[in-house]
Amino acid sequence: MTNGADAVLRSLEAEGVDVVFGIPGGAILPIYDALARGTSIRHVLARHEQGAGHMAEGYARASGRIGVAFATSGPGATNLVTPIADAWLDSTPLVCITGQVRSNLIGTDAFQECDITGITLPIVKHSWLVQSVEEIPAVLKAAFHVARTGRCGPVLVDIPRDIQEAPLEFAYPDVVNLPGWRPPKRVHARQVREAAHRLAEAERPVLYVGGGLLNAHATAELLELAETAGLPVVTTLMGKSAFPETHELHFGWPGMHGPKWSNWAMNTCDVLVAVGSRFDDRVTGKLSAFAPGATVIHLDVDSAEIDKLRYADVPVVGPLQPVLAELTRELGEVARAGSTEPWLAQLREWREQFPLRYGAGDEGEMLKPQPVLEALQELTAGGDVIFTTGVGQHQMWAMQYLLCDRPRTFITSGGLGTMGYGIPAAVGAKAARPEATVVCVDGDGCFQMTCQELVTSVLEDLPIVVVLVNNGSLGMVRQWQDMFFDERFSQIELTHHLPDYAALAEAYGARGFTVERGGELRAALEEALACGRTAVVDCRVDPREHCFPMIPAGAAALELVEYPHGQAVPA
Amino acid sequence: MKHTLSVLVENRPGALARVVGMFRRRSFNIDSLAVGPTERRDVSRITLRVDCGEHALSQIEKQIHKLVDVLRVNELPADESVERELALINVTAPPSRRAELLALAEAFRARVADLGPEAIVFEIVGAPKEVDAFEELVRPHGIKELVRTGRVGLARAAAPVPDGRPQYVLR
C-alpha cells in the first residue's frame, strides 16, 4: 500500500517535474523516504531553504516551467518565505511543498510548528493546508494549475506528517475543480482592433515590455509585432531577454538606472504599449510626470494591473500570445510601412549622443566595475549563456552591459530586490539548462548572503561561474549615502579582502581567482568560463564608482542624472 | 463614497482571511463586514461596506476576483438592492421611562428582546439608516451595550443575478 508521501511524488511525476530543490527535516521525512524508495525526480540538496527556493525560481525562469521546492515545518518553511515573496513580486511560477506537524498537534505550539499558510497568506496566489490524505492528488493538481495559469506566481502546499504517512491508493485526477479560478483565456477582439488603430496612428510608439511577456512564452509574437510595424522595444529589468538585445529595434531598458535614450523613448512617446509590465516605481520614476503625453495601451493577463497605477486608454486583458498575434494581424492591415522611421532615427541619434559612460581611471588606479561587465559581455557574446545576478549596483551594470539575445537568459530579482538571489538562482538555472553556461554576476554583499550554495553547485555537478564585482562595500547603499545623505557613510564597509573570496571558493571545492588589476581580468574570466567547474572570479573594483545614469528616487524620469553627477542632486 | 460589496466564496478554511487580508495588505479599509451561509451549503456570502473612491473600488473588486476561493464579487448599488442590518441595544429603562421607550420602539417597529428591572434589550431590523435613527433616539436614555451585525444585502428581486466578473469597457 502506498501512502500520502508517495502520492506527492507520483503527482509531481504526473506534472512532468524533473527536479526539485529542498532540505529534509522532521515533518517532511515521509516524503524524503518516498524519494529514497524511488522516483524519476532528481532532488537537489540545498544548504539553506532560502537557497532551495531561489534555485526553484532560477529553474523556473530559465526553463519556463514550474519550480518546485521542499522544506520541513517551522524554520524550514519560514526560510522559504523570502523566495516565495520574491516569486510573488516577480510572478515566478513556484510550487512550495512544506511538511507540517501532525494534524493532532496543529495549534498546540508543537516542536517546529508554525502557521506557514498564515505567514505566507499575502504573498501566495493560493495555499492549501491539506486536511486528509485523499485530498493530496487533487490539491497538487490544483496547485500546479494555479501556479502557471493567469498571472504566474507562487503557491504553497502544507502537508501534516500523519497525512503523508496515511495509506492511499494513488490516482491522479484529470480535471481541476476550482470554480473560483477563471483567468482570462480569450482575447477581446474589439479592444485589440482599437489598440491596432491607435498604434497605426502613432508617430512615436514604444513597446514597454515586462516579465509577463516571458511568462506568457510570447517572445516570438513580440518579435513579429515589432518587426511588422517597425516598433521600438524597451525591456524592463524583468523583461530583459524577452527581445533580442542586438536587434535594431531594441532600445535598452527603462527606469532608475536605464540609459538616457531608453528613458527618453519611454517618456516622449505618443503611444505607449505596456506588454506584461506594471508601471513599477523603479521604471516610472515620479508617476505623475511619467510619459506625460502618451496614450497608454495596456496588454496584460492580470486585469488588476489595468489602471492600478497608470490609466490605460485601451486595456486589453488576456493571454499575451494570442493578444500579440491578433494585434499583429490587425496592425498589418492598417499600419503604414515606414511610418515610424523618423522616430527610430531620433532614438538612434539619442543612443549615439548619450552613450553609457564611466571614468576610465588613471594608470595604477583600482579596476573600475564596468570593464568587468564589458569583458564578460565580450567573452560570452553569441554563446549559450544564462546570466543571474544579485541585487545592487552590479545588477544594474549587468543590465546595462550584458546583451541577451535569447529568451530567459537574464534571471534577476526585480520586484523584491532580494540580495543573495544570484548564486542559488544560477544553480537552479543550471539544473534546468545543463547545456548552457551559467554565470552569476554578484556583489560582495550579496555573495555573503547565500554563498553556502556554492557547495551545492559543486557536489550536485551543477557548475556555475560567479563573477564577483567586489567593491568591498554595500555599493548601492554607499551610492545613495554619497549622493543623498551628504556623504555620511553609515555601515557600508565590507572590505575587499575579507573573506578571501578565492580561498573561500576553493574551500567549497570550487576554483577561485582574484583580479586586482585590469590586465588580469580577461585571462581570469576566460579560464573560469572554460574550466567546466564551479568558479568564483573575485574582481576587486573601485568602491567610489557610482552607477549612472540614475533617476533619483521621486524625480521624474526625464530628470535623470548622467555620469559624472553634480554635487547637488535632490533626493 | 461608501459602497457595498457582495462576495461569494467557497466555504473553505481561510477563505474569509484571504478576502480580509487583501484589504489589509493593499491598505483598503473595511467599514463593516457580515459573513453567513447562502442558498448553497458550500458557499458563503461576505457583505462588505467600504469607503473609497471609484478607482480604489475597481482595484478592490479586481483583486478580490483574483482570489481562488472567490466565486463572485459585485457591488450592490443602493438603488438596485435591498440592504438590512440588525442591532441589539441594551438601554437603561427605569420604570418611569419605559412607556416612552416602548412608544419609540413601536414607531420604529423595534421589538423587545429582553426586559429587566432597569433595562430593556431592543432588537431592530431595518435599512441601516433606520437602525442609525433608532440608535440616536434611544441614546439620550443611556445605551449600556450595543451590537450591530453590519449590513447584508441582495440585488432587488427583479434584477438579473450578476456574473460578478470585472467588466472592461471600451473607452
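About the criteria used
- Here the residue index of a chain counts from 1 through its sequence in written order.
- In the order they appear in the text, chains get letters beginning with A and ligands get numbers beginning with 1.
- With the structure being a predicted model, the display of local features is reserved for residues of pLDDT at least 70 and the display and counting of side-chain atom pairs for 80 or more, all residues being used for whole-chain, interface and lining totals.
- The contact rule is simple: place each C-beta atom from the backbone, and if two of them lie within 7 Å, those residues are in contact.
- Strands here are runs of E lasting at least two residues and helices are runs of H or I lasting at least four, both read from the DSSP assignment and numbered beginning at the N terminus.
- Residue polarity is assigned by list, with Asp, Glu, Lys and Arg as charged and Ala, Val, Leu, Ile, Met, Phe, Trp, Tyr, Cys and Pro as nonpolar; anything else, Gly included, falls into the polar class.
- Reported domain spans reflect what an automatic or database domain assignment gives.
- By our criterion, buried Ala, Val, Leu, Ile, Met, Phe, Trp, Tyr and Cys residues that link up through C-beta atoms within 7 Å make up a nonpolar core.
- Put plainly, a residue is buried at 20 or more neighbouring C-beta atoms within 10 Å of its own, exposed at 12 or fewer, and partly exposed in between, counting only other residues' C-beta atoms, which are placed from the backbone.
- For two strands to pair, DSSP has to find at least two bridges joining them.
- Helix axes are fitted only over the stretch in contact, all axes being lines through C-alpha atoms; the angle between N-to-C directions runs from 0 to 180 degrees.
- Small angles under 35 degrees read as roughly parallel and large ones over 145 as roughly antiparallel, with 65 to 115 read as roughly perpendicular and the rest as oblique.
- Each crossing is labelled by how the near helix is turned from the far one, with a counterclockwise turn of less than a right angle marking it left-handed and a clockwise turn marking it right-handed.
- Arc definition: directions from the helix axis to the C-beta atoms.
- Within a predicted model, pLDDT stands for the predictor's per-residue confidence, ranging from 0 to 100.
- Multiplying one less than the number of residues by 1.5 Å gives the expected span of a helix.

On to the interface of chain B and chain A, then. Where the parts come together, the accessible area they lose is often given as the size of the interface. Contact residues are listed per partner, giving 20 residues for chain B and 20 residues for chain A. Contributions of two or more residues to the side of chain B that touches chain A are made by α1 (15–25), α2 (54–66) and β4 (70–75) of chain B. With six residues, the single largest contributor to the side of chain B that touches chain A is α2(B). Looking at the side of chain B that touches chain A residue by residue, the class counts come to seven nonpolar, six polar and seven charged.

All names here are of chain B. Partitioning chain B into domains gives domain 1 (2–75) and domain 2 (82–152). Placing the centre of domain 1 and that of domain 2 at their C-alpha centroids yields a distance of 29 Å. At the level of elements, β2 (30–37) and β3 (43–51) are the ones that each hand at least two residues to the side of domain 1 that touches domain 2. The leading source of residues in the side of domain 1 that touches domain 2 is β2, at three residues.

Next up on the list: the nonpolar core. One finds A:Val467 and A:Val537 to be the most contacted residues of the largest nonpolar core, which totals 200 residues. If you tally residues by element for this core, the top one is helix α7 (residues 136–148) of chain A, at eight residues. B:Ala87, B:Ala105, B:Ile120 and B:Ile124 belong to the second-largest nonpolar core, a separate cluster that totals 13 residues.

Residue and element names in this part refer to chain A. An order of β2-β1-β3-β4-β6-β5 is seen for the six strands of this open sheet, with the pairing classed as parallel. In the strand order of this sheet, the two ends are held by β2 (42–45) and β5 (126–129), each with one partner. Shown here is a sheet whose adjacent strand axes are inclined to one another by a mean of 20 degrees, direction ignored. Here strand β1 (residues 19–22) runs beside strand β3 (residues 67–71); their pairing, made up of two bridges, is parallel. Directly across from Phe21, in β3, lies its bridge partner Ala69.

Another aspect to go through is the packing of helix α9 (residues 189–201) of chain A against helix α14 (residues 320–334) of chain A. Residue and element names in this part refer to chain A. Following both chains from N to C, one finds α9 and α14 inclined at 50 degrees, their axes separated by 9 Å at the closest point. In terms of orientation, α9 lies oblique with respect to α14. Crossing geometry of α9 relative to α14 is assigned as right-handed. Only Val323, Glu326, Leu327, Glu330, Leu331 and Val334 of α14 make contact with α9, whose side of the interface consists of Val192, Arg193, Ala195, Ala196, His197, Leu199 and Ala200. In the contact of α9 with α14, the residues fall into nine nonpolar, one polar and three charged.

Right, let's talk about the environment of A:Ala530 for a bit. Residue and element names in this part refer to chain A. Structurally, Ala530 can be placed in helix α23 (residues 518–530). With 12 C-beta atoms packed within 10 Å, Ala530 lands in the exposed category. Measuring from C-alpha to C-alpha, the distance between Ala530 and Thr437 comes to 9.5 Å, with 93 residues separating the pair along the chain.

Before going further, it helps to spend a moment on helix α2 (residues 29–37) of chain A. All names here are of chain A. Among all positions of α2, only Pro30, Ile31, Ala34 and Leu35 are buried. The buried residues of α2 occupy an angular sector of 150 degrees when the element is viewed end-on, so they sit on one face. Lining the buried residues of α2 we find α1 (4–14), β2, β3, β4 (94–100) and α8 (161–165). Positive backbone phi, approximately 130 degrees, marks Gly38, located one or two places after α2.

On to the confidence of the model for chain B, then. As a general rule, the predicted coordinates of low-pLDDT regions are not to be interpreted in detail. Residue and element names in this part refer to chain B. Mean pLDDT for chain B: 92, with 94% of residues reaching 70 or above. Overall, residues 167–171 carries pLDDT values under 50, and its contacts beyond four positions in sequence, including any with other chains, amount to seven contacts. Across the interface, the model reports ipTM at 0.91; the global pTM reads 0.95.

All names here are of chain A. For α7, which comprises 13 residues, the first-to-last C-alpha distance of 19 Å matches the rise-based estimate of 18 Å (1.5 Å per residue) to within 8%. Counting buried positions along α7 gives 12 out of 13 residues, so the element sits mostly inside the fold. Where α7 is concerned, the buried positions are Ile136, Pro137, Val139, Leu140, Lys141, Ala142, Ala143, Phe144, His145, Val146, Ala147 and Arg148. Buried positions along α7 lie against α1, β4, β5 and β6 (154–160). Phi turns positive one or two residues past the end of α7, at Gly150, with a value near 65 degrees.

Turning our eyes to something else, we now look at the pairing of strand β7 (residues 205–209) of chain A. All names here are of chain A. Most of β7 sits out of view: five of its five residues are buried. Here β7 shows no split at all, with Pro205, Leu207 and Val209 on one side and Val206 and Tyr208 on the other all buried. Here five bridges tie β7 to strand β9 (residues 271–275), and the two strands are oriented parallel to one another. Residue pairing for β9: Val206 is matched across the bridge by Leu272. Taken together, the three bridges between β7 and strand β8 (residues 233–235) define a ladder with parallel strand orientation.

A word on the pairing of β9(A). All names here are of chain A. With five of five residues buried, β9 lies mostly within the body of the structure. Side-chain alternation along β9 places Val271, Val273 and Val275 on one buried face and Leu272 and Ala274 on a second face that is also buried. As paired elements, β9 and strand β10 (residues 295–300) share five bridges and run parallel to each other. In the sheet register, Val273 faces β10, and the bridge partner there is Ile297.

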